[in-house]
Amino acid sequence: GAGIVGRWERLWVELDAPLLRFFALPERSVERHRPAHVADIADVSLEEDVREVRFRLGDDSVRLRAQDAHDAKGWYLAIWAARKEPDGCGPQRPHIQQPIPPQLLASIWVQMDRIRGLQPEECGFEYTVRARWAHMLDDAGETEPRPACVIDGIGVCMVRQQILLHGVEGQHSVLLTICQVAQGADLMRVAY
């Protein structure tokens with residue numbers, strides 16, 4: 001019967017919310033296609049058996065094939081989470097053909113006790129810690145700013161806070177970013 005023949009390309013795909021970017025391999029410096037805004041993505045579905053996330057982008061049907069089913073789940077949730085309501089008040093459920101199965105969702109608490117090893121000259125500032133799943137680009141949570149001080153010649157910041165992360169069951173990598181709060185300025189990333 002009549003059908004549409006598609007063409008597969010090996011690309012490096014990045015979700016740089018709110019944009020989905022497509023880069024040529026192997027150098028990953030040249031954008032192969034125009035970036036797509038996540039608000040333009042519709043009909044998102046996860047096809048675990050073939051490791052694919054499928055969605056519509058305007059008149060085009062897009063299929064992202066991941067290395068494994070675990071990565072496919074991560075992409076599915078990352079795209080789902082990156083979509084925001086028009087007023088910016090939080091996640092908006094895309095037109096999902098297949099809802100996220102509850103067994104794929106998991107929550108963990110990330111607990112930070114202290115930042116140790118700061119240089120003494122770095123102790124005149126406050127610090128905050130951001131936590132997110134390594135496969136997702138947006139920061140999922142952040143601690144309240146805490147001052148640093150010198151204890152026995154070593155810079156220490158007592159954080160003692162928890163951040164709740166929601167993600168995919170079986171996900172193990174969490175990225176922590178330590179940020180220095182400068183007076184009258186935005187946060188400055190100082191370490192990973």
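The preceding data block contains the structure.
Residues numbered from 1 in each chain as written. Predicted model: local features only at pLDDT ≥ 70, side-chain atom pairs only at ≥ 80, totals over all residues. Heavy atoms only, no water.

*Asks:* So what about the pattern of salt bridges? Which residues, and what values?
*Replies:* One pass over the full model with this rule turns up 8 salt bridges. Residue Glu 52 is joined to Arg 63 by a salt bridge in which the shortest nitrogen-to-oxygen separation is 3.1 Å. In this pair, Glu 52 is assigned in strand β5 (residues 52-57) and Arg 63 in strand β6 (residues 60-65), connecting sequence segments 11 residues apart. Taking the shortest distance from any N to any O, the salt bridge between Arg 160 and Asp 113 comes out at 3.2 Å. Placement of the pair is Arg 160 in strand β11 (residues 154-168) and Asp 113 in strand β7 (residues 105-118), with a sequence separation of 47 residues. (Salt bridge = Lys/Arg side-chain N within 4 Å of Asp/Glu carboxyl O. Helix = DSSP H or I, 4+ residues; strand = E, 2+ residues; numbered from the N terminus.)

*Asks:* An account of the pairing of strand β1 (residues 11-16) is requested, with residue identities and associated values reported.
*Replies:* Both β1 and strand β2 (residues 19-24) contribute to a ladder of 6 bridges, which runs antiparallel. When the sheet's bridge partners are listed, Leu 11 is paired in β2 with Ala 24. Between the end of β1 and the start of β2, which pair antiparallel, lie 2 residues. (Pairing = 2+ DSSP bridges.)

*Asks:* Can you break down the sheet that holds strand β3 (residues 31-37) residue by residue, with the values?
*Replies:* As summarised here, the arrangement of the 3 strands in space is β1-β2-β3, forming an open sheet in which the pairing is antiparallel. Edge positions in the sheet fall to β1 and β3, since each has one partner strand and no second. Along the sheet, successive strands turn relative to each other by an average axial angle of 15 degrees, direction set aside. (Axes fitted to C-alpha atoms, helices over the stretch in contact; angles between N-to-C directions.)

*Asks:* If you had to explain unusual backbone geometry to someone new, which residues and values would you point to?
*Replies:* Here Arg 51, not a glycine, exhibits a phi torsion of approximately 60 degrees, which is positive. Structurally, the position occupied by Arg 51 is in the loop between β4 (41-47) and β5. Of note, Arg 160 is a non-glycine position whose phi angle comes to about 45 degrees, a positive value. Assessed through its relative accessible area of 54%, Arg 160 is described here as exposed. (Buried < 20%, exposed > 50% of the residue type's maximum accessible area, 1.4 Å probe, protein only.)

*Asks:* Tell me about the pairing of β5, residues and numbers included.
*Replies:* Bridge analysis of β4 against β5 gives 5 bridges, and the strand direction is antiparallel. Its bridge partner lying in β5, Ser 45 is registered against Arg 54. Sheet topology note: the β5/β6 ladder contains 6 bridges and is antiparallel. Within the sheet, the bridge partner assigned to Phe 55 lies in β6 and is Val 62. Between β5 and β6, which pair antiparallel and follow one another directly, the connecting turn spans 2 residues, one of which, Gly 58, has a positive phi of 65 degrees.

*Asks:* Go over the state of the cysteines, please, and point to the residues and values.
*Replies:* What the rule picks out here adds up to 0 disulfides. In this structure Cys 157 is not part of a disulfide, and its nearest cysteine sulfur, from Cys 149, lies 8.1 Å away. (Disulfide = S-S within 2.5 Å.)

*Asks:* Could you give an account of the sheet that holds β6, naming the residues involved and the relevant values?
*Replies:* Pairing is antiparallel in the open sheet, where 3 strands are placed in the order β4-β5-β6. Both outer strands of the open sheet, β4 and β6, are each paired with one neighbouring strand and no more. Neighbour-to-neighbour, the strand axes of the sheet open up by a mean angle of 20 degrees, direction not taken into account. Contacts from helix α1 (residues 69-82) reach β4, β5 and β6 within the one sheet, and its direction differs from that of β4 by about 155 degrees. (Contact = heavy atoms within 4.5 Å.)

*Asks:* Lay out α1 in plain terms, naming residues and giving numbers.
*Replies:* Taking 1.5 Å per residue, 14 residues should reach 20 Å; α1 reaches 20 Å between its end C-alpha atoms and fits that length. When we look at burial in α1, the residues that qualify are Ala 72, Lys 73, Gly 74, Tyr 76, Leu 77, Ala 78, Ile 79 and Ala 82. (Expected span 1.5 Å × (residues − 1).)

*Asks:* Tell me what's going on with the nonpolar core, and back it up with residues and numbers.
*Replies:* Ranked by internal contacts, the top residues of the largest apolar core, which has 20 residues, are Leu 20, Ile 41, Val 44, Val 53, Phe 55, Leu 64 and Ile 79. Every element with two or more residues in this core is listed here: β1, β2, β4, β5, β6 and α1. Looking at this core, the element that brings in the most residues is α1, giving 6 residues. Counting 15 residues, the second largest nonpolar core, distinct from the first, contains Cys 123, Trp 133, Ile 163 and Ile 178. (Core = buried A, V, L, I, M, F, W, Y, C linked by side-chain atoms within 4.5 Å.)

*Asks:* Give me the side chain of Gln 161: which residues, what numbers.
*Replies:* Here Gln 161 lies in strand β11. Judged by relative accessible area, Gln 161 falls into the buried class, the value being 14%. Sequence-distant contacts of Gln 161, defined by excluding residues within four places in its chain, comprise Val 110, Gln 111, Met 112, Thr 143, Glu 144 and Arg 146.

Taken by themselves, the reported measurements are silent on function.
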